[in-house]
Amino acid sequence: MKKIGIFCSASENIDKMYFESTRKLGQWLGETGKTLVYGGANLGLMECIAQAVKENGGTVIGVVPSKLEENGRVSTYLDEVIRTRNLSDRKDIILEKSDVLVALAGGVGTFDEIFHVIAAASIGYHQKKVIFYNEYGFYTELLNTLDTLEQKGFARHPFSTYYDVANSLEELKDKIK
Ligand SMILES: Nc1ncnc2c1ncn2[C@@H]1O[C@H](COP(=O)(O)O)[C@@H](O)[C@H]1O
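Residues numbered from 1 in each chain as written. Predicted model: local features only at pLDDT ≥ 70, side-chain atom pairs only at ≥ 80, totals over all residues. Heavy atoms only, no water.

A.B. asks: Talk me through the overall build of the protein; I want residue IDs and the actual numbers.
C.D. replies: Of the regular secondary structure elements, the protein holds seven helices and seven strands. If you list the helices and strands of the protein from N to C, you get β-α-β-α-β-α-β-α-β-α-β-α-β-α. The globule rule puts the C-alpha radius of gyration for 177 residues at 16 Å, and the 15 Å found for the protein is close to it. Over its C-alpha atoms, taken along the principal directions, the protein stretches across nearly 45 × 35 × 30 Å. Within the protein, the proportion of its 177 residues that are buried is 49%. The contacts of the protein with a sequence gap of at least 6 include a subset with a gap of at least 24, amounting to 69%. Accessible area of the protein: about 8,800 Å², with a carbon and sulfur share of 49%. Here the protein contributes 21 positively and 24 negatively charged side chains, and the mean placements of these two sets differ by 3 Å. (Helix = DSSP H or I, 4+ residues; strand = E, 2+ residues; numbered from the N terminus. Rg over C-alpha atoms; globule rule 2.2 N^0.38 Å. Buried < 20%, exposed > 50% of the residue type's maximum accessible area, 1.4 Å probe, protein only. Contact = heavy atoms within 4.5 Å. Areas by Shrake-Rupley, 256 points an atom, 1.4 Å probe, with all protein chains shown as cover. Lys, Arg positive; Asp, Glu negative; His and termini not counted. Charge placed at Lys NZ, Arg CZ, Asp CG, Glu CD.)

See below:
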């Protein structure tokens, strides 16, 4: 896979272990000539992944909503900027431009993006998967909740149709190589 869409935290107030693992992933993406497609902000893990991809030879596409630009929050590591009106357009464009979507640790913005992609797949708009990067067990509780929903009949198709889980960097590399 060439174009890797990444959803991740825009927060600076998180444990440094998340920055370390994001940097390692970005380094590998850059070294293997991948293109990062992400939200284009210069904040938190978002800036961390963009910097690591760019400094290691990869290409960075930022999908930037107008508010982010108005607030001076656009990363300087972008090779290409795609401007959008709002967060909804941004989700559609990140999805359209990516071969696969990877969810790193994040908050409500990241969760919104994950569920946008899964919900669209579940009614047949696309066949792209979200890979939960579950390092440090960050997504274990959410994955348990999804299992519960499925067991209770709230999934039209098995959720495994729409997402995958990588518990380590090696597993993630294997799934997106
Ligand atoms: N205000 C925002 N700034 C940057 N990125 C945002 C914003 N709102 C949504 N996003 C997207 O969601 C995640 C970051 O949000 P978290 O709540 O920190 O997880 C990121 O993937 C952005 O594309």
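The structure having been displayed, the exposition proceeds.
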